[in-house]
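Residues per chain are reported as follows:
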Amino acid sequence: ALQHASQELKADREIVLAAVQQSVMALRYASEELRADRAVVLAAVQQDGWALEYASQELRADREVVLAAVKQSGRALQHASQELKADREIVLAAVQQSVMALR
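Only a predicted model underlies this, so the values are computations on that prediction, with no experimental measurement involved.

Trainee: Would you mind going over the nonpolar core with me for this structure?
Mentor: Ranked by internal contacts, the top residues of the largest apolar core, which has 33 residues, are Leu27, Val45 and Val70. Among the secondary structure elements, those contributing two or more residues to this core are helix 2 (13–22), helix 3 (26–29), helix 4 (38–47), helix 6 (63–72) and helix 8 (88–97). Dropping the residues within four chain positions of it, Val70 is found in contact with Ala76, Leu77, Ile90, Ala93, Ala94 and Gln97.

This is the structure in structure tokens:
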């Protein structure tokens, strides 16, 4: 539903938080500012790690956000920053969740 909302509502934190709790795909349609909002992105990746794909570059390099994402879906590792793809704890968490994380 968020994809059909106005730009103003796509930038409304309360609406986007409610939307990502229903479907993490809503993060894809959130404003750029909210895709860089740590709380919004954490809420999304804790529900489905694949939401990391729609997070800002800064949050793809945020250790806590990426760790939450890969613990939920190991394959989310592909959306992490290069630096975190080389982080032993992050990679271990990813492969413990799914051996497919290394593909």
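Trainee: Just to check I follow, could you spell out the environment of Arg35 for this structure?
Mentor: Looking at where Arg35 falls in the secondary structure, it is placed in the loop between helix 3 and helix 4. You can call Arg35 partly exposed: its relative accessible area is 25%. Looking at Arg35, its side chain comes within polar contact range of the main-chain oxygen of Ala30, at 3.1 Å.

Trainee: What is the right way to read the side chain of Arg60 from this model?
Mentor: With respect to the element layout, Arg60 can be found in helix 5 (residues 57–60). There is no salt bridge for the buried Arg60, and the closest opposite charge comes from Glu53, which lies 6.1 Å off by N-O distance. Not counting chain neighbours up to four residues away, the residues in contact with Arg60 comprise Leu52, Glu53, Tyr54, Ala55, Val66, His79, Ala80, Ser81 and Leu84.

Trainee: What is the right way to read the packing of helix 4 against helix 6 from this model?
Mentor: When two helices pack together, their arrangement is given by the angle between the helix axes and by the axis-to-axis distance. Orientation of helix 4 relative to helix 6, taken along the N-to-C sense of each, is 15°, at an axis distance of 7 Å. Of the possible angle classes, the one that applies to helix 4 and helix 6 is roughly parallel. For the element pair helix 4 and helix 6, the recorded crossing hand is left-handed. Facing helix 4, whose interface residues are Arg38, Val41, Leu42, Val45, Gln46 and Gln47, helix 6 presents Glu64, Val65, Ala68, Ala69 and Gln72. Its residues placed into classes, the contact of helix 4 with helix 6 shows six nonpolar, three polar and two charged.

Trainee: Can you walk me through the pattern of salt bridges in this structure?
Mentor: It is possible for side chains bearing opposite charge to pair when their charged atoms get close. Counted by the stated rule, this structure contains five salt bridges. The partner of Asp62 in a salt bridge is Arg38, with the nearest N and O atoms 2.8 Å apart. Residue Asp62 is located in the loop between helix 5 and helix 6, and its partner Arg38 is located in helix 4; the two are separated by 24 residues in the primary sequence. Using a relative accessible area of 16% as the deciding quantity, one classes Asp62 as buried. Among the ionic pairs, Glu64 bridges to Arg38, the shortest N-O distance being 2.6 Å. A residue pair is termed long-range when its members are at least 10 positions apart, and Glu64 in helix 6 and Arg38 in helix 4 qualify at 26 residues. Beyond isolated ion pairs, a larger network of salt bridges with shared partners links Arg38, Asp62 and Glu64.

Trainee: Explanation requested: helix 8 in the structure shown.
Mentor: Residues spaced three or four apart along an α-helix point in a common direction, a consequence of the helix completing one turn every 3.6 residues. Turning to helix 8, its buried residues are Ile90, Ala93 and Ala94. The buried side chains of helix 8 occupy one side of the element, clustering within an arc of 100° when seen end-on. Residues Arg88 and Gln96 are exposed on helix 8 and point more than 90 degrees away from its buried face. If you follow the buried residues of helix 8, they end up packed against helix 6 and helix 7 (82–85). The N-terminus of helix 8 is capped by Asp87, whose side-chain oxygen sits 3.0 Å from the backbone nitrogen of Glu89.

About the cut-offs
- Residues numbered from 1 in each chain as written.
- Predicted model: local features only at pLDDT ≥ 70, side-chain atom pairs only at ≥ 80, totals over all residues.
- Heavy atoms only, no water.
- Core = buried A, V, L, I, M, F, W, Y, C linked by side-chain atoms within 4.5 Å.
- Buried < 20%, exposed > 50% of the residue type's maximum accessible area, 1.4 Å probe, protein only.
- Helix = DSSP H or I, 4+ residues; strand = E, 2+ residues; numbered from the N terminus.
- Contact = heavy atoms within 4.5 Å.
- Polar contact = N/O pair within 3.5 Å; in protein donor to acceptor, adjacent residues only side chain to side chain.
- Lys, Arg positive; Asp, Glu negative; His and termini not counted.
- Salt bridge = Lys/Arg side-chain N within 4 Å of Asp/Glu carboxyl O.
- Axes fitted to C-alpha atoms, helices over the stretch in contact; angles between N-to-C directions.
- Parallel < 35°, antiparallel > 145°, perpendicular 65-115°, else oblique.
- Left-handed = near helix turned anticlockwise from the far one by under 90°.
- Nonpolar A, V, L, I, M, F, W, Y, C, P; charged D, E, K, R; others polar.
- Arc of directions from axis to C-beta.

Keep in mind these values describe shape, not function.
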